[in-house]
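Survey of secondary and tertiary structure
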There are 2 protein chains.
Amino acid sequence: MSRIVVVGGGFGGLHAFRVLVKAGHRVTLIDRNPYTTFQPLLYQVATGGLNPGDITYSLRRYVSTRPGGRGTFRRATVTGIDLDAKEVVVSRGDPVPYDQLILAQGVGANFFGIPGASENARTIYTRAAALQVRDLIFSGLEHLTASKDPDRRFTVAVVGGGATGVEMAGTLAEMKSEALPVVYPELQQDNFRVVLVEMADTVLAPFAERLQHYTIHQLKKRGVDVRLGTAVKEVRPDALEFADGGRLETDVVIWASGVGAHPVVAQWGVPQGRGGRILIGGDLRVQGFEDIYAVGDCALDPDNPQPQLAQPAIQMGEYAARHIIARSAGQDLPPFAYADKGTMATIGRNAAVAQIPPGLALTGFPAWSLWVGVHLVALLGGRNRLQTMINMLFRYVSWPKSAAGIIGDVAEVPR
Amino acid sequence: MSRIVVVGGGFGGLHAFRVLVKAGHRVTLIDRNPYTTFQPLLYQVATGGLNPGDITYSLRRYVSTRPGGRGTFRRATVTGIDLDAKEVVVSRGDPVPYDQLILAQGVGANFFGIPGASENARTIYTRAAALQVRDLIFSGLEHLTASKDPDRRFTVAVVGGGATGVEMAGTLAEMKSEALPVVYPELQQDNFRVVLVEMADTVLAPFAERLQHYTIHQLKKRGVDVRLGTAVKEVRPDALEFADGGRLETDVVIWASGVGAHPVVAQWGVPQGRGGRILIGGDLRVQGFEDIYAVGDCALDPDNPQPQLAQPAIQMGEYAARHIIARSAGQDLPPFAYADKGTMATIGRNAAVAQIPPGLALTGFPAWSLWVGVHLVALLGGRNRLQTMINMLFRYVSWPKSAAGIIGDVAEVPR
């Protein structure tokens, strides 16, 4: 029976792995981390509301408990693909041979070549990055408390008005407007500035206009300085420079402006399209390759492009697995078709937007509850669900004194 | 009304702070971390069983919710004490003036001048140190999986047979003997070595002989290589050298062999005794000082020495607060007397020892349940209790596949 290798233990990779192992195939899952991360809730880790352990799940445990029993896990970073030998080359240990390969390694931040961005801006797309942002923010606030200058300022700029940027800016602004007086009584609200910078004229591009306006209003209500139609020209260590000549002094810049292929993919010899995404066909196989699939954020079918979100990744992962199973039985499948179950984004407590085809649009508490519910269900494992639910419940109920609940150490010398 | 400063937000400092604020005093609490840590459960963080956030509690929250309302928090590292000006000098910001001062800064590891120990050994006395040990251990196990050498080894040596060393060695050994086959199927038990090194001829010195024997038996049963009567002569980056000429190759050395004053205390101008502990009198005031108290691990009354544990710290903190309150009303208190409610130590799942005066000694599941219960009650905050309880329950019930549940990233290049 053929050996299948899945690169990446995120939404796409895990679902492909699960379906294949259940069908009795020999599958090796490779990931650089020994755990999978529920990325949609990383912004909660970055703002002190959740433990990283609440939203990570051990891949060793996942693999050891899959029905089917022929799945294995390999903790390693994929450095290359030997297309001739049909082997995945890894950072440590022997290469991993494959008969079928599913690429599901996701993406990283896309800095669009903007000078200074990759060196000076932070992201919250991984566990480690989210913790780093968290500690920078809370260290920054602590250091502010030791200063007596009434004009002292701590400025966090979030670049990118998509869901990630909106929830980060919204949550930070809630801390500023509601929690500061209770938890940081030494500070005035004006000392903590939260800015959201977006190149387009609106936020949340995939959402209906009404929901976009609602979001902007909610952000401003919470004290976010929303700057639309504002393009970043350069990211300096202590400031943002804008294309229109403007400048903003910053302490922390969070880049939530776009995602793109990990640079190493360029060496793999697979065709790449916009944003470095690997070009696939209607059956999710990489263009020009019979035995290699690509799913999730890292893949792109130019004739049927999918948004880089969790739901498409999950469905693509399952499809690729079913396609492999069908082919091994000499059968075929109709092309992949995404079943859009809806999109949502949270802005802050009780404020969110949800858009469910064909025409349902929700805001406020109903949207927020739906958002919480969907995310809880999607977490791996009962313990994760329970812990996340409890942490978020405590945070919600005892707000604002629950702000800065789960934090790290403060750097003695400011950044 | 006098200004009181409490240095250190651990067991002793927090209880002193609480009593004083409730009595209406103006109190400033200073700690280098924005949170207090429940140190007895740090070994669970170090072995992937708990989140640090489960056992840390925000000091800003603690201070903001104290009845009395005249308490404040200052996040800073104390660098000195100006005894003439009666000010506590801190790393950032203005010095903090005091009329009464309570020193409760605790202690750090005591390396007894053993060469290489402070550079090459790790401790688990702080949140950051426990996380570092956790990531070293799990990275080490991961790297072992990538090697094909049947004689490959990952060795963790724990130096010190007190409660800290015993629970660390016991928990690691359970992972070795019970979890490895499930969670790290690539490894054999022999690949992971857990060694407990103790200079004396027994472990858990404060406990009755019967309980000591039980503990040694339980450790060996779990696969710990217990080396009593073994003194460490030097700690090298990759090995321990013993006084008897022996040598042990090690990957991680955890120093749980003793605690002592933070080095900076020597500059404070207060009298120090054995282990650098600040010398106090029967009323917990520092010898020679009317307005300075010292409580908890950092203090020592040579005529009435207390073990360096949580209970004495709590009682001393409360006593010092009550003494200040009494003096401000022109009254006095009888000398401090420790009410020993018992000591306990855990070894592994279902295995613990508990000693409760005047003569109750427990082992096994009853001791373990008592241990769990007492620790849960002692945690600050309903959320901490609930999260810790849930995490430990899940870990217990789904063991061994729950091993390595809450872990961090793996370093790509081994140590």
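Residues numbered from 1 in each chain as written. Chains lettered and ligands numbered in written order. Predicted model: local features only at pLDDT ≥ 70, side-chain atom pairs only at ≥ 80, totals over all residues. Heavy atoms only, no water.

Let us now look at the domain arrangement of chain A. All names here are of chain A. Domain assignment breaks chain A into domain 1 (3-107 + 261-328) and domain 2 (117-258 + 342-404). Of note, the centres of domain 1 and domain 2, computed from C-alpha atoms alone, are 29 Å apart. Residue-level contacts link 25 residues of domain 1 with 31 residues of domain 2. Taken over both partners, the interface formed by domain 1 and domain 2 buries close to 2,300 Å², and the fraction arising from carbon and sulfur atoms is 66%. Applying the counting rule to domain 1 against domain 2 returns 0 salt bridges. Linking domain 1 with domain 2 are 8 residue pairs in polar contact (both at pLDDT 80 or more), by the criterion used here. Elements that contribute at least two residues to the side of domain 1 that touches domain 2 include exactly β3 (35-37), α2 (42-46) and β4 (56-58). Considering each element in turn, the side of domain 1 that touches domain 2 owes the most residues, 5 residues, to α2. Here the side of domain 1 that touches domain 2 is built from residues that sort into 15 nonpolar, 9 polar and 1 charged. (Domains from an automatic or database assignment. Contact = heavy atoms within 4.5 Å. Buried area = accessible area lost by both parts, 1.4 Å probe. Salt bridge = Lys/Arg side-chain N within 4 Å of Asp/Glu carboxyl O. Polar contact = N/O pair within 3.5 Å; in protein donor to acceptor, adjacent residues only side chain to side chain. Helix = DSSP H or I, 4+ residues; strand = E, 2+ residues; numbered from the N terminus. Nonpolar A, V, L, I, M, F, W, Y, C, P; charged D, E, K, R; others polar.)

Our focus in this paragraph is the pairing of strand β23 (residues 351-356) of chain A. All names here are of chain A. The buried count for β23 comes to 5 of 6 residues, which makes it a mostly enclosed element. Note that strand β22 (residues 343-348) and β23 share 5 bridges and pair antiparallel. Within β23, the residue paired with Thr346 across the bridge is Ala352. Count of turn residues in the β22/β23 antiparallel hairpin: 2 residues, of which Asn350 carries a positive phi of about 65 degrees. Sheet analysis places β23 next to strand β24 (residues 360-363), joined by 4 bridges and oriented antiparallel. The partner of Val353 across the bridge, within β24, is Thr363. Taking the residues that link successive antiparallel strands as the turn, the β23-β24 hairpin has 3 residues. (Buried < 20%, exposed > 50% of the residue type's maximum accessible area, 1.4 Å probe, protein only. Pairing = 2+ DSSP bridges.)

Attention now goes to unusual backbone geometry. Note the cis peptide between Pro357 of chain A and Pro358 of chain A, where omega equals 5 degrees. Relative to the assigned elements, Pro358 of chain A resides in the loop between β23 and β24. The linkage connecting Trp399 of chain B with the following residue, Pro400 of chain B, adopts the cis geometry, with an omega of 5 degrees. Structurally, Pro400 of chain B is set in the segment after α10 (382-397). Not every positive phi belongs to a glycine, and Leu204 of chain A is a case in point at roughly 50 degrees. Within the secondary structure, Leu204 of chain A sits in the loop between β12 (192-197) and α7 (209-221).

Turning next to the packing of helix α1 (residues 11-22) of chain A against helix α8 (residues 310-328) of chain A. Residue and element names in this part refer to chain A. With their axes 7 Å apart at the nearest point, α1 and α8 run at an angle of 30 degrees to one another. By the angle between their directions, the pair α1 and α8 is classed as roughly parallel. As α1 runs across α8, the sense of the crossing is right-handed. For the pair α1 and α8, the contacting residues are Phe11, Gly12, His15, Ala16, Arg18, Val19 and Leu20 in the first and Ala310, Ala313, Ile314, Gly317, Glu318, Ala321, Arg322, Ile324 and Ile325 in the second. In terms of residue class, the contact of α1 with α8 is built from 10 nonpolar, 3 polar and 3 charged. (Axes fitted to C-alpha atoms, helices over the stretch in contact; angles between N-to-C directions. Parallel < 35°, antiparallel > 145°, perpendicular 65-115°, else oblique. Left-handed = near helix turned anticlockwise from the far one by under 90°.)

All names here are of chain B. One open sheet accounts for 3 strands, arranged β14-β15-β16; its pairing is antiparallel. In the strand order of this sheet, the two ends are held by β14 (232-236) and β16 (247-249), each with one partner. In this sheet, neighbouring strand axes are inclined to one another by 15 degrees on average, regardless of whether the strands run parallel or antiparallel. Relative to strand β15 (residues 239-242), β14 is paired through 4 bridges, and the arrangement is antiparallel. Counterpart to Glu234 in the pairing with β15 is Glu241.

Residue and element names in this part refer to chain A. Ordered by their spatial adjacency, 4 strands build an open sheet running β13-β12-β11-β17, and the pairing between neighbours is parallel. Every other strand in the sheet has two partners, leaving β13 (225-227) and β17 (252-255) as the edge strands with one partner each. Taking the axes of each pair of neighbouring strands and ignoring which way they run, one obtains an average angle of 15 degrees across the sheet. Where strand β11 (residues 154-159) and β12 come together, 6 bridges link them in parallel fashion. Paired with Val156 across the strands is Val194, a residue of β12. Lying on the sheet, helix α5 (residues 127-145) is in contact with β11, β12 and β17; it crosses β11 at an angle near 155 degrees. Sheet contacts for helix α6 (residues 163-183): β11, β12 and β17; angle to β12, the most-contacted strand, approximately 160 degrees.

Let us look at the confidence of the model for chain A. Should the pLDDT be low somewhere, the predicted coordinates at that spot are not to be read in detail. In the predicted model, chain A carries a mean pLDDT of 93, and 99% of its residues have values of at least 70. Across the interfaces of the predicted complex, the ipTM metric reaches 0.90, alongside a pTM of 0.92. (pLDDT = per-residue confidence, 0-100.)

The next point concerns the packing of aromatic side chains. All names here are of chain B. As enumerated under the stated definition, the model contains 18 aromatic pairs over all chains in all. Taking 5.7 Å as the distance between ring centres and 80 degrees as the angle between the ring planes, the aromatic pair formed by Phe11 and Phe38 counts as edge-to-face. A residue pair is termed long-range when its members are at least 10 positions apart, and Phe11 in helix α1 (residues 11-22) and Phe38 in the loop between β3 (35-37) and α2 (42-46) qualify at 27 residues. Between the aromatic rings of Trp368 and Tyr396, the centroid separation amounts to 5.0 Å while the plane-to-plane angle is 25 degrees, which identifies the pairing as stacked. (Phe/Tyr/Trp six-rings, centres within 6.5 Å; stacked < 30°, edge-to-face > 60°.)

Attention now goes to the interface of chain A and chain B. With 50 residues of chain A at the contact, the number on the chain B side is 50 residues. Summed over both sides, the interface between chain A and chain B buries roughly 4,300 Å², with carbon and sulfur atoms accounting for 46% of that surface. On the chain A side of the contact with chain B, Arg60, Arg92 and Arg383 of chain A bury the most area, a combined 16% of that side's loss. Summed over the shared surface of chain A and chain B, the result is 8 salt bridges. A salt bridge links Glu186 of chain A to Arg60 of chain B, with the nearest nitrogen and oxygen atoms 3.0 Å apart. Linking chain A with chain B are 20 residue pairs in polar contact (both at pLDDT 80 or more), by the criterion used here. Elements with a minimum of two residues in the side of chain A that touches chain B: α3 (59-64), β5 (71-75), α5, α6 and α10 (382-397) of chain A.

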